[in-house]
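Read off the chains here:
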Amino acid sequence: MIYRQAGQFRTSYAADSRAIPFREDRVALALILIAAYFVIPFTASDYWLSVILVPWLALSLVATGQNILMGYAGQHSLGSAGFMAVGAFACYNLMLRIDGMPFLVALILSGVIAALVGVVFGLPSLRVRGIYLAVATLAAQFFIVWVIDKFGWFTNYDTSGIITTQRMEIFGYRFTTPAEQYLIVLGIVTALTWLADNMARGRTGRNWMAVRDMDVAAEVMGLSLLRTKLQAFAISSFYCGVGGALFAYAFLRSVEPTAFDIYLSFRVMFMAIIGGLATTIGPFLGAAFILLMPVFLNTTFQGLFGAAVDATIISALEQVIFGVAIILFMIFEPLGLARLLQIAQDRLRQWPFKY
Amino acid sequence: MTETREALRGFGRGVRVAAAAAFAAGAALLAAAPGADAAEQYFPIPSSRVGPFSAMGTGYYGGIIDYLTYVNMTGGVNGVQLVWAECETEYNAARTAECYQRLMVGPNGQRMVVFDTLGTPGAYAVINRMAEDQVVLAQYGYGRTDAADGTVWPWVFNAASHYWDQIAMKLAFMAEQEGGVENMRGKKVVHLHIDSAFGREPLPAMRAIAEEWGLNLVEIAIPSPGLEQQSQWLQIRRERPDWVTFYCAGSGMCSTGMTAAARVNFPRDRMIYVTFGGAEEDMVPAGDAGVGTYVVANAVPGRDFPLVQEIERVVYGAGRGNLSNPERVGTVYWNRGVGAAVAWIEALRNAQEMFDKVGQPVTGAEFRDGYEALDMNAARLEELGVAEMIAPYRMTCAEHGGARKFRMMQWDGTQFQVVSDWMGPNDPDMISEMIRESAARFAEENGITPRECPPDPA
């Protein structure tokens, strides 16, 4: 009833190729963005802003990068945390070593550096495929963290190899409060997500998908595999790099290279898969699930049982439930949370009738 | 009522066995009927109860909670009852940052005054927020070393001594075994460590001492999680070192170290474990391979200390203990947790007295001053019932490094035998100087102006 899309005709090419074809969806997105920009910064508590929303947005960006590589271009990669580390430490060194380096420029440059590193580690994708490529990209994960650990220059010779990120300053204004930092992250994430969506729907994305679905056919049709695959690696790593820098600057603030370990890579991959591959909203849903579910379980259980039950049992139980939830999701909805959202939309379209 | 509490507390501190039964009954009554106007002080418990660090987390935070319960059951801190909330960190930096914010305000609406992450990654994740949030970071023998410089890090303390002093103490112990520093020249020491900030933390001090003594220092890193150490131990066999200092993390890695050493026939009594890797839970799984291994202690394990016996009797006697297995009372991690909690409570007591708030809760800034005023001299430790369990220490405005002393223990297959008295670095001033330099560099890089400290009267 409310969500009816009958009568919305696409009468021009421009209308036909809109990112969001239905008016209701556009209104919903606008409302969400208005809430995100103008309501949440003023109403949410510091806890929500600084340790829930900021890491969620930053990791959503990383998962978007992983999704570009895995979902659209079909290249399995396990190096996302490594590329995050490149972004974070590149940003730190750019800010440290170049006087008067503006934060936004450093952020974009760190993404570019991550992209270059990504291209290097994407080279094996021309020879190996599928799960074997994932194993090959593991090298990126371990090599990058090892290099940053091994050579003190990257951490400015800190005695314990830990960097303390500089303040985020844009046009002379220091972003220090949780709300301000949230707004920076939100702005960057919105812009880059918009860009990613457009890339995926445009020619670039079609090339990726052609390579994903059958690379031999794509090559026969005149696509350069070398170019397309490396481009996917570069863009994906750019997103991971920027996400990693934001994760370090707006969330952790003191970073050791080992924070970007293989577990983080796995979690980013799960975010992309559970959220829904080759969708724009998927990485956001997946990041929310992987990042927030354990926190939600912990908070609920502490609140419910508190001192009544042995805290060790509560903690162990959380992990069990979290694991079971992932398995159930993969069994009942292998296409991810984004697919659930789509089903809900389809149902809503017919509501209150069954079909 | 206050008099009764005073009297009860007096008994609680003491160790008079004769008064024990009457006291327990009184304490139980008191705990059962808290006054409606009872003042409360809130403490956060960011525990790590699952994963490879569960033995550490359950023991350490169990010790803290048991001591808080004990204080509550014996009348609180000048009548102030302690409340706490728990949050699971999984020994993970990001989760610790989340817990830090979640625990910021307690169930009674009070802001937290102290935070103890039990783990270097967690400490680093929150260390830059302390001054802003007015929370004390009470590192207990772990964490950022140069935070021992109170002029740069007014909000960070390390009551149980830091890793640089610890490694210097280990080298001093080796020198003692070898018959003096002069005999150390040309000796080979391997620092085998997990490849993380925690594993590398002691290296600057170690390198400096190695150079001074003419030691041959070999650094070998094990990638996390460290269950696979075969190639590193083969390398050690080739190097034929005289000593190995081992910085392991998590029970799996720590017990594997001993079995792997046994496999290449490296003598276990030439290995020295770090404080946060050598506990009963790490030793027992290694079986006979663990016999002879040295472990450094900043809080000595054992059940013979009066306070441990009191907690066992009062808290566990009433069935209110936090450990699911009461046998773990008196183990390394549990005793360390008690040591940490004793410092919290003494700081709270100081803060109440300093700010004329006896019987009332204190703020973060007041608690900080109370922590800085900690003077745990031998007499006070005796009073608290933890003499010989922890080394006497006092904090000053500039010196936040605690006792700077440790004891060496040796695993005999079933329990730890203490084999040395409290000992510190051979040259503490050298370590202090390095800390000052490192802290000054950090201050300069991050635009912090170190505060001025009055000269220490003592």
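The text that follows walks through the structure, step by step, so that each part is easy to find. (Residues numbered from 1 in each chain as written. Chains lettered and ligands numbered in written order. Predicted model: local features only at pLDDT ≥ 70, side-chain atom pairs only at ≥ 80, totals over all residues. Heavy atoms only, no water.)

A look at the state of the cysteines
Counted by the stated rule, this structure contains 3 disulfides over all chains. Paired through a disulfide, Cys87(B) and Cys99(B) show a sulfur-sulfur distance of 2.0 Å. Judged by the sign of its S-S torsion, about -75°, the bond between Cys87(B) and Cys99(B) is left-handed. With Cys87(B) in strand E2 (residues 81-88) and Cys99(B) in helix H4 (residues 93-102), this pair connects stretches of sequence that are 12 residues apart. The buried category is assigned to Cys99(B), whose relative accessible area is 0%. Here Cys397(B) is linked by a disulfide to Cys453(B), with a sulfur-sulfur distance of 1.9 Å. On the sign convention where negative is left-handed, the bridge of Cys397(B) and Cys453(B), at about -70° about the S-S bond, is left-handed. With Cys397(B) in the loop between strand E12 (393-394) and strand E13 (407-411) and Cys453(B) in the segment after helix H17 (428-445), this pair connects stretches of sequence that are 56 residues apart. In this structure Cys453(B) comes out as partly exposed when scored by relative accessible area, which is 22%. Cysteine pairing for chain B (bonded cysteines numbered in sequence order): 1-2, 3-4, 5-6. Left unpaired, Cys91(A) is separated from the closest cysteine sulfur, that of Cys240(A), by 15 Å. What makes Cys91(A) buried here is its relative accessible area of 0%. (Disulfide = S-S within 2.5 Å. Helix = DSSP H or I, 4+ residues; strand = E, 2+ residues; numbered from the N terminus. Buried < 20%, exposed > 50% of the residue type's maximum accessible area, 1.4 Å probe, protein only.)

Some words on the interface of chain A and chain B
Of the residues lining the interface, 35 residues belong to chain A; the matching set on chain B comes to 38 residues. With both sides pooled, the region where chain A packs onto chain B buries about 3,100 Å², and carbon together with sulfur makes up 47% of that total. Taken together, chain A and chain B are joined by 3 salt bridges. A salt bridge links Arg200(B) to Asp149(A); the nearest nitrogen and oxygen atoms lie 2.8 Å apart. Counting every contact that joins chain A to chain B gives 15 residue pairs in polar contact (both at pLDDT 80 or more). Among the elements of the structure, helix H3 (46-72), helix H10 (225-252), helix H11 (262-275), helix H12 (282-305) and helix H13 (311-332) of chain A are those that each provide at least two residues to the side of chain A that touches chain B. At 6 residues, H13(A) tops the list of elements feeding residues into the side of chain A that touches chain B. Of the residues contributing to the side of chain A that touches chain B, the split by class is 14 nonpolar, 13 polar and 8 charged. (Contact = heavy atoms within 4.5 Å. Buried area = accessible area lost by both parts, 1.4 Å probe. Salt bridge = Lys/Arg side-chain N within 4 Å of Asp/Glu carboxyl O. Polar contact = N/O pair within 3.5 Å; in protein donor to acceptor, adjacent residues only side chain to side chain. Nonpolar A, V, L, I, M, F, W, Y, C, P; charged D, E, K, R; others polar.)

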